[in-house]
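Fold and geometry: a report
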Amino acid sequence: ATQKDIEQILEYADQNLSLEQLVFEEEDLEPFELREKAIILRTPFKSRKDETKAAETNSVLDFASLWRRYGYFLPRANATKSRLRLLPDYPIESVVKGLTARSLSSLSLQDCGFDDNKLIQVVDPLVCHERLLSLRLAYNSIGGEGARNLALALPKLHQLKILSLFSNHLGDVGVGHICFGLEGVPFLECLELGSNQIGDEGTNSISRLLSVNFSLKTLSLLDNRITSEGAKILSAPIKNNKTLQNLKLARNRIDFLGVGHLVTALQNHPAISRLSLAANLIGDDAVQRLIPLFKKTQSLEIVDLSINQITSKGAGFLSEGLHNNTSILDIRCLNNNIGAEGVISLAQCILSNQTTRKIMLRRNFAGVEGSKAFAQVLQQCPFINSLDLSDNSVGNEGAKALARGVKKSRSLRLLNLRTNSIQEEAANELIAAVEANTSLVKVDLYSNRVSPQFKSDAKQLGIEKQITVVI
């Protein structure tokens, strides 16, 4: 895409009244520095008549959508610098007017620049919506005072099922207020408190909420300051809470001690299906403590241990725990240091249990030998549908082995081999295997050593087979 192409896309997007999000792949943004600065494009929409009339026909109110329709279109790169987001400055009067217009079942005030003062102004009209099921206040600047006022309103929203406060400034004090207010919300199923500077003190409030809530299915506490002490505080109520299915603790400060407490809470849990411990302080000793969980669980399906300090020894422990496990379908161990030996160990484990569907091992130094091991997995495992070996020094020999696996696989749908120093001869064998394969829907070979002509031919193959080829 050229700069002119991007501008044309944005021009069309400016005219599209149903568009909710515009996303560019990272590589598309690089040439134009869109990852470093906002696109300067602020075009006022043409005037709309009866703007509130259309909005009043729906019980779902998303102020981002309304502001796009009747205000300004302002795409801007967010913190990840690879997605365009709309970050307008919402007039609080419009928000209050929208809240008083009708009865709502879903309200989104995400990314509205709300601080404590603005939130206080919408609390009174908010409590009128007794049938509200979903309230999303993520990506704002709500602190302790705003949380205190919101907590007073929460018991009146007794049918609320989803509350998202991700990426605010709650801290331990604010989360205490929120949890106290939620004790009067009996049907809450999803609570998102990630990225709020919550420490171990704040987990006491969450623990009390878990002790009285018997409907919560998803608890997101990612990107906070919770240590193993906080994990210990949470473990007892989690053990007694029989409805929790999805526990997100990524990007905290939990080490092997905290993992031990979580294992005690979860190993006989009847409902837990997703556990994320990515980007904590988990090394090989912590993985060893996970073995009883993997051996005993009957419900856990997805495990994420990415971005930790796991080596080949830890991969051996992981394989031991998974050896006879039949429930875990999705293993995510990206950005560790398990090496070829650890990758081979995991491949042998997957060959043994024959139930794994998805394996993500990006940036783990798998090398040629690790790639060959997963070539065998592709050939012999009838259920594997997604394999990520990107940035693993696969090289030509590893790529050729994987090509043989891809050719024989009847279940593989997604294959990621980007950034692997694969040259054209080996890449040709991969493309031939892709052509022979009947199950693939996406192949990623981006950032390898191939010619422009090869890229063109590969994209043409994707068009002919109606699959996505990233190259």
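Residues numbered from 1 in each chain as written. Predicted model: local features only at pLDDT ≥ 70, side-chain atom pairs only at ≥ 80, totals over all residues. Heavy atoms only, no water.

Here we look at the overall build of the chain
- Within the chain one finds 18 helices and 20 strands.
- Restricting to contacts in the chain with at least 6 residues of sequence separation, those with at least 24 account for 86%.
- Total accessible area on the chain is roughly 21400 Å²; 48% of this is exposed by carbon and sulfur atoms. (Helix = DSSP H or I, 4+ residues; strand = E, 2+ residues; numbered from the N terminus. Contact = heavy atoms within 4.5 Å. Areas by Shrake-Rupley, 256 points an atom, 1.4 Å probe, with all protein chains shown as cover.)

Regarding the packing of aromatic side chains
- One pass over the structure, following the stated rule, counts one aromatic pair.
- For the pair Tyr-139 and Phe-166, a centre-to-centre distance of 5.5 Å together with 70 degrees between the ring planes defines the contact as edge-to-face. Note that Tyr-139 is positioned in the loop between strand S8 (134–136) and helix H7 (144–153) and Phe-166 in the loop between strand S9 (162–164) and helix H8 (171–182), a separation of 27 residues in sequence. (Phe/Tyr/Trp six-rings, centres within 6.5 Å; stacked < 30°, edge-to-face > 60°.)

Brief notes about unusual backbone geometry
- For Gln-197, which is not a glycine, the phi torsion comes out positive at approximately 55 degrees.
- Mapped onto the secondary structure, Gln-197 falls in the loop between strand S10 (190–192) and helix H9 (200–212).
- On the basis of relative accessibility, which here comes to 31%, the residue Gln-197 falls in the partly exposed class.
- A positive phi angle, near 60 degrees, is found at Gln-354, a position not held by glycine.
- Take Gln-354: it is sitting in the loop between helix H14 (339–353) and strand S16 (358–360). (Buried < 20%, exposed > 50% of the residue type's maximum accessible area, 1.4 Å probe, protein only.)

Regarding the confidence of the model for the chain
- Mean pLDDT over the chain: 85, with 80% of residues reaching 70 or higher.
- Throughout residues 26–58 the model reports pLDDT below 50, and contacts reaching past four residues in sequence, or to other chains, amount to 58 contacts. (pLDDT = per-residue confidence, 0-100.)

Let's talk about the pattern of salt bridges
- Taken as a whole, this structure holds eight salt bridges when the rule is applied.
- Asp-330 is the salt-bridge partner of Arg-332, the closest N and O atoms lying 2.8 Å from each other.
- In this structure Asp-330 comes out as buried when scored by relative accessible area, which is 7%.
- Between Lys-400 and Glu-425 there is a salt bridge; the shortest N-O distance is 3.4 Å. Remark: Glu-425 occurs in helix H17 (residues 424–436) and Lys-400 occurs in helix H16 (residues 395–408); sequence separation between them is 25 residues.
- Note on Glu-425: relative accessible area 57%, which makes it exposed. (Salt bridge = Lys/Arg side-chain N within 4 Å of Asp/Glu carboxyl O.)

A word on the environment of Gly-283
- Its place among the elements puts Gly-283 in the loop between strand S13 (274–276) and helix H12 (284–296).
- Distance in space between the C-alpha atoms of Gly-283 and Asn-308 is 6.5 Å, their sequence separation being 25 residues.

Remarks on the nonpolar core
- In terms of nonpolar packing, the biggest core is built from 115 residues, with Leu-163 and Phe-374 touching the most fellow members.
- Once residues lying within four places of it in the same chain are set aside, the contact partners of Leu-163 are Leu-135, Leu-154, Ile-178, Leu-182, Leu-188, Cys-190, Leu-191 and Glu-192.
- Of all hydrophobic cores here, the second largest spans five residues; its members include Ala-138, Phe-166, Leu-222 and Ala-278. (Core = buried A, V, L, I, M, F, W, Y, C linked by side-chain atoms within 4.5 Å.)

Brief notes about the environment of Ala-236
- Looking at where Ala-236 falls in the secondary structure, it is placed in helix H10 (residues 228–240).
- You can call Ala-236 partly exposed: its relative accessible area is 43%.
- Ala-236 sits 25 residues away from Ser-211 along the chain, and the two C-alpha atoms are 8.8 Å apart.

A word on H14
- In this model, H14 (15 residues) spans 22 Å end to end at C-alpha, consistent with the 21 Å of a helix rising 1.5 Å per residue.
- By the burial criterion, the buried members of H14 are Gly-339, Gly-342, Val-343, Ser-345, Leu-346, Ala-347, Cys-349, Ile-350 and Asn-353.
- Residues of H14 that are buried sit in contact with helix H13 (312–322), S16 and helix H15 (367–380).
- Gln-354 sits one or two residues past H14 and shows a positive phi near 60 degrees. (Expected span 1.5 Å × (residues − 1).)

Re the side chain of Ser-319
- As for its placement among the helices and strands, Ser-319 is situated in helix H13.
- Here Ser-319 is in contact with Ser-345, Leu-346 and Cys-349, once residues within four sequence places are set aside.

Things to note about the packing of H10 against helix H11 (residues 256–266)
- Packing of H10 against H11 leaves a shortest axis separation of 8 Å and a crossing angle of 0 degrees. When the axes of H10 and H11 are compared, the pair comes out roughly parallel. Together, Ser-228, Ala-231, Lys-232, Ser-235, Ile-238 and Lys-239 of H10 and Leu-257, Gly-258, His-261, Leu-262, Thr-264, Ala-265 and Leu-266 of H11 make up the contact between the two elements.
- The residue makeup of the contact of H10 with H11, split by class, is six nonpolar, five polar and two charged. (Axes fitted to C-alpha atoms, helices over the stretch in contact; angles between N-to-C directions. Parallel < 35°, antiparallel > 145°, perpendicular 65-115°, else oblique. Nonpolar A, V, L, I, M, F, W, Y, C, P; charged D, E, K, R; others polar.)

Describing the environment of Leu-257
- As for its position among the elements, Leu-257 is in helix H11.
- In this structure the C-alpha to C-alpha distance between Leu-257 and Ile-282, which are 25 residues apart in sequence, comes to 9.7 Å.
- Apart from the residues lying within four places of it in its own chain, the contact partners of Leu-257 are Ser-228 and Arg-289.

Considering H10
- Compared with an ideal rise of 1.5 Å per residue, which puts 13 residues at 18 Å, H10 spans 19 Å between its outermost C-alpha atoms and is within 8% of the ideal.
- Approximately 30 degrees is the largest bend angle found in H10, and it occurs at Leu-234, with the proline Pro-237 only one to four residues beyond.
- Looking only at H10, the buried set comprises Ser-228, Gly-230, Ala-231, Ile-233, Leu-234, Ser-235, Pro-237 and Ile-238.
- On its buried side, H10 packs onto H9, strand S12 (246–248) and H11. (Bend = angle between axes of the 7 residues up to and from the residue.)

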